[in-house]
Amino acid sequence: MTSISAETQPVHTDDLGSLAVLSWRGTTPEGVDVPYLLACPLGDGAKGPEAAAEAIEQLLQSAGLPVGEGLVDATQRPSLPVSLLVVPGSAVLTVKHLKSQFVPPETWLEAVAKLGYAYLIFATRSWPEGTEPGDVETLAAFTSDEDVLTSAVHVVLPARRLRG
């Protein structure tokens, strides 16, 4: 579920459309399990995929995340308006006023618990039309596409937990 707060925003929310948030665990050559997150528009906003890409780029820039400028280590920049809240069985990604709740696989939750962070790829390009978000082959192709990766924001995002 994705929601946008009622605060004044520089982003045209009608252009955003739907946002997909996908989570998976990958293993590095060194054997480290890394929890990955992909956030991307579906391109179904009021003015189509191009307007969605522009709206996402505006959202990211207003959050201090310039597109295509390398890895942002949010563990070293706690004032960024980007966060990841992990609770048993689900998580919430927040970027400025945009919140997306998702249900990650257990292996992802275990990797986040172990490392304390996730690697976020927030793409400005829309998920390929005609394919379901989460299709493993499409996910692999999308996340290895150089155009997708260079037009995305990459963030090492610390995982917060509720205290209680």
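Relevant structure appears above.
Criteria and cut-off values
Residues numbered from 1 in each chain as written. Predicted model: local features only at pLDDT ≥ 70, side-chain atom pairs only at ≥ 80, totals over all residues. Heavy atoms only, no water. Helix = DSSP H or I, 4+ residues; strand = E, 2+ residues; numbered from the N terminus. Rg over C-alpha atoms; globule rule 2.2 N^0.38 Å. Buried < 20%, exposed > 50% of the residue type's maximum accessible area, 1.4 Å probe, protein only. Contact = heavy atoms within 4.5 Å. Core = buried A, V, L, I, M, F, W, Y, C linked by side-chain atoms within 4.5 Å. Pairing = 2+ DSSP bridges.

## A look at the overall build of the protein chain
When helices and strands are tallied, the protein chain shows five helices and nine strands. Listed by position from the N terminus, the elements making up the protein chain come as β-α-β-β-α-β-β-β-β-α-β-α-α-β. Relative to a compact globule of 164 residues, whose C-alpha radius of gyration would be 15 Å, the protein chain shows 15 Å and is just as compact. Along the three orthogonal principal directions, the C-alpha set of the protein chain runs to about 40 × 35 × 30 Å. Taken over 164 residues, the protein chain has a buried fraction of 43%. Counting contacts in the protein chain only where the partners sit at least 6 residues apart, residues at least 24 apart contribute 66% of the total.

## Quick notes on the nonpolar core
Residues Leu65, Leu84, Trp108 and Phe122 are the most contacted members of the largest nonpolar core, which totals 32 residues. At four residues, helix H2 (residues 48–62) tops the list of elements feeding residues into this core. Excluding its chain neighbours within four sequence positions, the residues that come into contact with Trp108 are Ser23, Trp24, Arg25, Pro35, Tyr36, Leu37, Leu84, Val86, Ala91, Phe102 and Ala118.

## Details of the pairing of strand E8 (residues 117–123)
Counting buried residues along E8, five of its seven residues qualify, which places the element largely inside the surrounding structure. For strand E3 (residues 33–41) and E8, the ladder comprises four bridges, and the chain directions are parallel. Within E8, the residue paired with Leu37 across the bridge is Leu120. Here E8 pairs with strand E9 (residues 152–160) via seven bridges, running antiparallel. Bridging across to E9, Tyr119 finds its partner in Val156.

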